[in-house]
Amino acid sequence: MLTAKVIDHIWSTRKAESLNGLKFMLVEVMGGKDAGKRMVVADIISAGVGDRVIVTFGSAARRMLRNDEIPVDAAIVGIIDEDCTGFETREA
Amino acid sequence: MLTAKVIDHIWSTRKAESLNGLKFMLVEVMGGKDAGKRMVVADIISAGVGDRVIVTFGSAARRMLRNDEIPVDAAIVGIIDEDCTGFETREA
Amino acid sequence: MLTAKVIDHIWSTRKAESLNGLKFMLVEVMGGKDAGKRMVVADIISAGVGDRVIVTFGSAARRMLRNDEIPVDAAIVGIIDEDCTGFETREA
Amino acid sequence: MLTAKVIDHIWSTRKAESLNGLKFMLVEVMGGKDAGKRMVVADIISAGVGDRVIVTFGSAARRMLRNDEIPVDAAIVGIIDEDCTGFETREA
Amino acid sequence: MLTAKVIDHIWSTRKAESLNGLKFMLVEVMGGKDAGKRMVVADIISAGVGDRVIVTFGSAARRMLRNDEIPVDAAIVGIIDEDCTGFETREA
């Protein structure tokens with residue numbers, strides 16, 4: 001999993017029917033050498049813009065959505081507690 | 001998933017038989033540290049050159065194509081709405 | 001798998017219910033060109049901050065947790081012996 | 001999938017028994033930010049050195065080989081038509 | 001798959017029980033833009049330090065080990081013949 005910050009919503013009207021009703025967010029990786037990578041993730045735990053989250057990838061994302069037929073490869077699995085901050089520094 | 005821009009069609013006459021009739025597009029990652037990576041993706045939602053799209057990877061791409069036997073590892077799952085633009089900036 | 005150093009705990013109160021009771025650690029890749037990448041991994045073998053560990057990714061991480069339904073894509077599979085040090089140098 | 005150029009054959013006499021008879025090629029990614037990455041891929045559609053090809057990764061590669069038990073994670077799925085050239089430029 | 005050079009053994013006494021008896025090696029990617037990346041791989045074909053090998057990743061590695069329950073995501077599938085050398089150059 002990666003730690004990332006929620007940047008914005010991503011809106012897509014023309015999309016796979018199976019994605020209807022699913023919320024997509026743009027996140028940016030925080031901390032370490034990969035800081036600054038952006039990706040689109042599904043969110044079912046009501047994360048908001050500015051939240052720092054844990055993102056899971058691949059088939060694990062479909063486990064988060066409890067639906068193995070959905071074409072999603074990244075999902076938020078947790079919101080990081082506010083007093084947990086050590087991971088944010090970029091590589092020295 | 002990643003946000004990407006559709007650059008061109010990719011034509012391949014000599015290919016796996018199971019890929020016949022499937023449309024392949026060249027896309028380039030938009031925004032963040034990975035901006036500028038290119039990949040080939042399957043498209044079944046009629047994306048066009050210039051469209052900004054959401055791409056899914058791995059086994060999730062086969063979910064998009066509703067065919068788990070096809071040798072495809074990337075597919076467009078949605079076309080990003082035109083008024084959704086915040087994701088395009090490259091890493092500061 | 002990658003060799004990494006355990007940097008800190010990651011705390012998340014609002015998370016997927018299936019992750020309750022699971023310990024998450026922040027690790028940083030050691031050695032080679034990827035040194036400095038950070039990721040969040042599940043730990044069920046009681047690794048501590050400062051330990052050097054082997055991390056496995058993808059569906060293999062769920063094998064480590066012996067639960068294929070959990071939305072986790074990275075897990076510690078071993079703690080590297082203290083007298084094993086050759087892997088730590090960054091790319092020359 | 002990625003677009004790549006076939007660079008050479010890779011010969012391995014001591015290898016997994018299940019790989020006997022399978023042809024392995026060294027390819028190099030063409031175009032975009034990842035241009036210059038090299039990988040070893042299985043080929044069952046008779047690609048030759050110098051051909052520009054589409055490569056698929058992960059479990060999708062086993063779909064190409066129509067054998068889910070083989071330890072292969074990359075395979076050529078198509079040879080790109082000669083008059084298809086737009087993808088070759090490296091990131092500006 | 002990637003071409004890599006075997007650098008050293010990796011020793012881990014405290015590890016997943018299912019990994020007992022399995023040999024882990026540190027390898028470094030050879031050739032191309034990714035040269036210098038290091039990873040830990042399982043070896044069941046008796047590769048030695050200094051050997052140049054082909055490494056497979058993800059669920060394919062479990063195919064190499066013929067055990068889908070083992071938490072391993074990378075394995076050596078072949079030792080490259082000594083007279084096969086073209087892949088070793090780093091990106092020009």
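My aim in this report is to walk through the structure given alongside it, one point at a time. (Residues numbered from 1 in each chain as written. Chains lettered and ligands numbered in written order. Predicted model: local features only at pLDDT ≥ 70, side-chain atom pairs only at ≥ 80, totals over all residues. Heavy atoms only, no water.)

**Considerations on the pairing of strand β1 (residues 2-9) of chain C**
Residue and element names in this part refer to chain C. Across four bridges, the pairing between β1 and strand β5 (residues 52-57) is antiparallel. When the bridges of β5 are listed, A4 appears paired with V53. Pairing between β1 and strand β3 (residues 23-29): five bridges, direction antiparallel. If you follow A4 over to β3, its bridge partner there is V29. (Pairing = 2+ DSSP bridges. Helix = DSSP H or I, 4+ residues; strand = E, 2+ residues; numbered from the N terminus.)

**Quick look at unusual backbone geometry**
Of note in this structure, S46 of chain B is not a glycine but carries a positive phi near 60 degrees. Examined against the element boundaries, S46 of chain B turns out to sit in the loop between β4 (38-43) and β5 (52-57).

**Observations concerning the arrangement of the chains**
Separated without contact, chain B and chain C have their nearest C-alpha atoms at a distance of 11 Å. Chain C makes no contact with chain D; the smallest distance between any of their C-alpha atoms is 11 Å. (Contact = heavy atoms within 4.5 Å.)

**A closer look at the relation of the copies chain A and chain C**
In the superposition of chain A on chain C (RMSD 0.0 Å, axial shift 0.0 Å), the rotation amounts to 72 degrees. The superposition operator between the copies reduces to a five-fold rotation axis. Of the interface residues in chain A, just 14% have counterparts in chain C that sit at the interface too, so the contact is made through distinct surfaces. (Least-squares fit on C-alpha atoms with pLDDT ≥ 70 in both.)

**Overview of the side chain of D81 of chain B**
Mapped onto the elements of the fold, D81 of chain B is located in the segment after β6 (74-79). Buried and without a salt bridge, D81 of chain B has R52 of chain B as its closest oppositely charged side chain, separated by 7.4 Å. In this structure, D81 of chain B is in contact with W11, S12 and T13 of chain A together with R52 of chain B, ignoring residues within four places of it in sequence. (Buried < 20%, exposed > 50% of the residue type's maximum accessible area, 1.4 Å probe, protein only. Lys, Arg positive; Asp, Glu negative; His and termini not counted. Salt bridge = Lys/Arg side-chain N within 4 Å of Asp/Glu carboxyl O.)

**Section: the nonpolar core**
With 180 residues, the main nonpolar core has V72 of chain A, V72 of chain B, V72 of chain C, V72 of chain D together with V72 of chain E as its most contacted residues. If we ignore the near neighbours within four places in the chain, the residues touching V72 of chain A are L19, L22, F24, A42, G58, A61, R62 and L65 of chain A together with M1, T56 and A60 of chain B. (Core = buried A, V, L, I, M, F, W, Y, C linked by side-chain atoms within 4.5 Å.)

**A closer look at the interface of chain A and chain B**
Taken together, the contact between chain A and chain B spans 33 residues of the former and 29 residues of the latter. The largest share of the area that chain A buries against chain B comes from R14, R38 and D73 of chain A, three residues that together contribute 27% of it. At the surface where chain A touches chain B, the tally comes to two salt bridges. The partner of D68 of chain A in a salt bridge is R63 of chain B, and the shortest N-O contact between them spans 2.7 Å. The interface formed by chain A and chain B holds 15 residue pairs in polar contact (both at pLDDT 80 or more) in total. Within the residue set of the side of chain A that touches chain B, elements represented by two or more residues are β1 (2-9), β2 (14-15), β3 (23-29), β4 (38-43) and α1 (59-64) of chain A. Broken down by element, the residue count for the side of chain A that touches chain B peaks at five residues, all from β4 of chain A. Counted by class, the side of chain A that touches chain B contains 15 nonpolar, six polar and 12 charged residues. Taken together, the two bridges between β2 of chain A and β6 of chain B define a ladder with antiparallel strand orientation. Across the sheet, the residue bridging to K15 of chain A is G78 of chain B, located in β6 of chain B. (Buried area = accessible area lost by both parts, 1.4 Å probe. Polar contact = N/O pair within 3.5 Å; in protein donor to acceptor, adjacent residues only side chain to side chain. Nonpolar A, V, L, I, M, F, W, Y, C, P; charged D, E, K, R; others polar.)

**What about the interface of chain A and chain C?**
With 29 residues of chain A at the interface, the matching set in chain C holds 33 residues. Regarding the contact of chain A and chain C, the summed buried area is about 2300 Å², with carbon and sulfur atoms giving 50% of it. For chain A, the biggest contributors to the area lost against chain C are M1, K33 and R63 of chain A; these three give 30% of the whole. Counting every contact that joins chain A to chain C gives two salt bridges. Across the chain A-chain C interface, the total number found is 15 residue pairs in polar contact (both at pLDDT 80 or more). Contributing elements (two or more residues each) for the side of chain A that touches chain C: β1, β5 (52-57), α1 and β6 (74-79) of chain A. For the side of chain A that touches chain C, the element with the highest residue contribution is α1 of chain A, accounting for four residues. Residues belonging to the side of chain A that touches chain C are distributed by class as follows: 13 nonpolar, nine polar and seven charged.

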